[in-house]
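Chain by chain, the residues:
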Amino acid sequence: MSTPLKIDFVSDVSCPWCVIGLRGLTEALDQLGDEVQAEIHFQPFELNPDMPAEGQNIVEHISEKYGSSAEESQANRARIRDMGAELGFAFRTDGQSRIYNTFDAHRLLHWAGLEGLQFNLKEALFKAYFSDGQDPSDHATLAIIAESVGLDIKRAAEILASDEYAAEVREQEQLWVSRGVSSVPTIVFNDQYAVSGGQPVETFVGAIRQIIRESRS
């Protein structure tokens, strides 16, 4: 019997561990097959809500925010690149990459959820930023990414030119922070079990199997 599983995946578009966590989760769901009937909802979280429009150099930003040296930053990127490669994702960020504001990307993701294309857009945004070096705050770029997954480009441009879905995104951001989410990815199953970080496939498989057992007992 297939167990229904509601998954709230709280994450940011510019978070590499969110890519790793999502890949680990989806591989785990593939392995579990008919054991679960999963429904993933992406929930917004901004790592850098005050980031200006022009963004900031990644090494400079990591140094200011976490106190990491350029060497530590490079070693961390190499580690993430290797982990991504194992999961079939190409991280191509380097010392010249930039961190951008992601609020408008979250507004588009909210709309994509209403259109049934949220997962597709999330993956396309990850690829655009981490693999292709694109700016996820640029409206023209975002509209083209939206179109690439089957969303209407004119509607996407309209949303981006307005403040549509801004209130909804802020409300969701505040909700998850109020529930104790302070880092991403945070993956919440059935509104009660949480797994944090870019965990390996087997961690997700084990956690989901335990949730299935508890839901049946």
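As recorded in an unreviewed UniProt entry, the protein goes by the name DsbA family oxidoreductase, listed as coming from Pseudomonas extremaustralis.

Student: A description of the packing of aromatic side chains should follow, citing residues and the corresponding values.
Tutor: How two aromatic rings sit relative to each other is set out by the distance from centre to centre and by the angle between their planes. Applying the stated criterion across every chain yields a total of six aromatic pairs. Between the aromatic rings of Tyr 129 and Phe 130, the centroid separation amounts to 4.7 Å while the plane-to-plane angle is 70°, which identifies the pairing as edge-to-face. One exposure class covers both Tyr 129 and Phe 130, and it is buried. Directly above the aromatic system of Trp 176 lies the positively charged group of Arg 179, at a separation of 4.7 Å from the ring centroid.

Student: Describe the state of the cysteines, listing the residues and the values that go with them.
Tutor: Applying the stated criterion across every chain, the model contains one disulfide. Between Cys 15 and Cys 18 runs a disulfide, and the two sulfur atoms are separated by 2.5 Å. Handedness here is read from the sign of the S-S torsion; for Cys 15 and Cys 18, about 85°, the answer is right-handed. For Cys 15, a relative accessible area of 3% corresponds to the buried category. The exposure class of Cys 18 is buried, given its relative accessible area of 0%.

Student: Describe empty space enclosed by the protein, listing the residues and the values that go with them.
Tutor: Applying the stated criterion across every chain yields a total of one cavity of 30 Å³ or more. Reported here for the largest cavity is a volume of approximately 40 Å³. Around the largest cavity sit Val 19, Leu 22, Arg 23, Phe 89, Glu 123 and Phe 126, which together line it. In terms of residues, the lining of the largest cavity owes the most to one element, helix H1 (residues 16-32), which gives three residues. Class assignment for the residues of the lining of the largest cavity results in four nonpolar, no polar and two charged.

Student: Which residues make up the layout of surface pockets, and what values do they have?
Tutor: In this model, the largest pocket occupies a volume close to 520 Å³. Lining the largest pocket are 24 residues, with Pro 16, Trp 17, Ile 62, Tyr 66 and Asn 76 sitting closest to its centre. Looking at the lining of the largest pocket, the elements that each hand over two or more residues are H1, helix H2 (58-66), helix H3 (70-86) and helix H5 (118-131). Counting residues per element, the lining of the largest pocket draws most heavily on H2, at five residues. Its residues placed into classes, the lining of the largest pocket shows 14 nonpolar, eight polar and two charged. Considered as a void within the structure, the second largest pocket measures approximately 220 Å³ in volume. Contributing to the lining of the second largest pocket are 15 residues, with Phe 42, Gln 43, Leu 109, His 110 and Gln 118 lying nearest its centre. Going through the elements one at a time, strand S1 (3-11), strand S2 (36-44), helix H4 (103-114), H5 and helix H8 (166-178) are the ones with two or more residues in the lining of the second largest pocket. With five residues, the top contributor of residues to the lining of the second largest pocket is H4. Class assignment of the residues belonging to the lining of the second largest pocket gives a composition of five nonpolar, seven polar and three charged.

Student: Outline H2, supporting the account with residue identities and numerical values.
Tutor: Helical periodicity: at 3.6 residues per turn, an α-helix aligns residues three or four positions apart in one direction. Looking only at H2, the buried set comprises Ile 58, Val 59 and His 61. Projected down its long axis, H2 carries its buried residues within an arc of 160°, all on one side. As for H2, its buried residues are in contact with strand S3 (56-57), H3 and strand S4 (98-99). N-capping of H2 is provided by Asn 57, with a side-chain oxygen placed 2.9 Å from the backbone N of Val 59. Gly 67 lies just past H2 and shows a positive phi near 75°.

Student: Account for the side chain of Thr 3, with residues named and values stated.
Tutor: Here Thr 3 lies in strand S1. Those residues in contact with Thr 3 that lie beyond four places of it in its chain are Glu 35, Val 36, Gln 37, Ile 212, Ser 215 and Arg 216.

Student: Go over the pairing of S1, please, and point to the residues and values.
Tutor: Across a regular strand the side chains alternate sides, sitting on one face of the sheet and then on the other. Of all the nine residues making up S1, seven are buried; the element is thus mostly covered by neighbouring parts of the structure. Viewed along the sheet, the connection from S1 through H1 into S2 turns out right-handed. Of the pairings in the sheet, the one linking S1 to strand S5 (residues 186-189) comprises four bridges and is antiparallel in character. Each residue of the ladder has a partner; that of Phe 9, found in S5, is Ile 187.

Cut-offs applied
Residues numbered from 1 in each chain as written. Predicted model: local features only at pLDDT ≥ 70, side-chain atom pairs only at ≥ 80, totals over all residues. Heavy atoms only, no water. Phe/Tyr/Trp six-rings, centres within 6.5 Å; stacked < 30°, edge-to-face > 60°. Buried < 20%, exposed > 50% of the residue type's maximum accessible area, 1.4 Å probe, protein only. Lys NZ or Arg CZ within 6 Å of the ring centre and 35° of its normal. Disulfide = S-S within 2.5 Å. 1 Å grid on protein atoms, 1.4 Å probe; cavity = no way out; pocket = protein on both sides within 12 Å on 5 of 7 lines; lining within 4 Å. Points joined across faces, edges and corners; volume = space filled by probe spheres on them. Helix = DSSP H or I, 4+ residues; strand = E, 2+ residues; numbered from the N terminus. Nonpolar A, V, L, I, M, F, W, Y, C, P; charged D, E, K, R; others polar. Arc of directions from axis to C-beta. Contact = heavy atoms within 4.5 Å. Polar contact = N/O pair within 3.5 Å; in protein donor to acceptor, adjacent residues only side chain to side chain. Right-handed = clockwise from strand over helix to strand, strands pointing away. Pairing = 2+ DSSP bridges.

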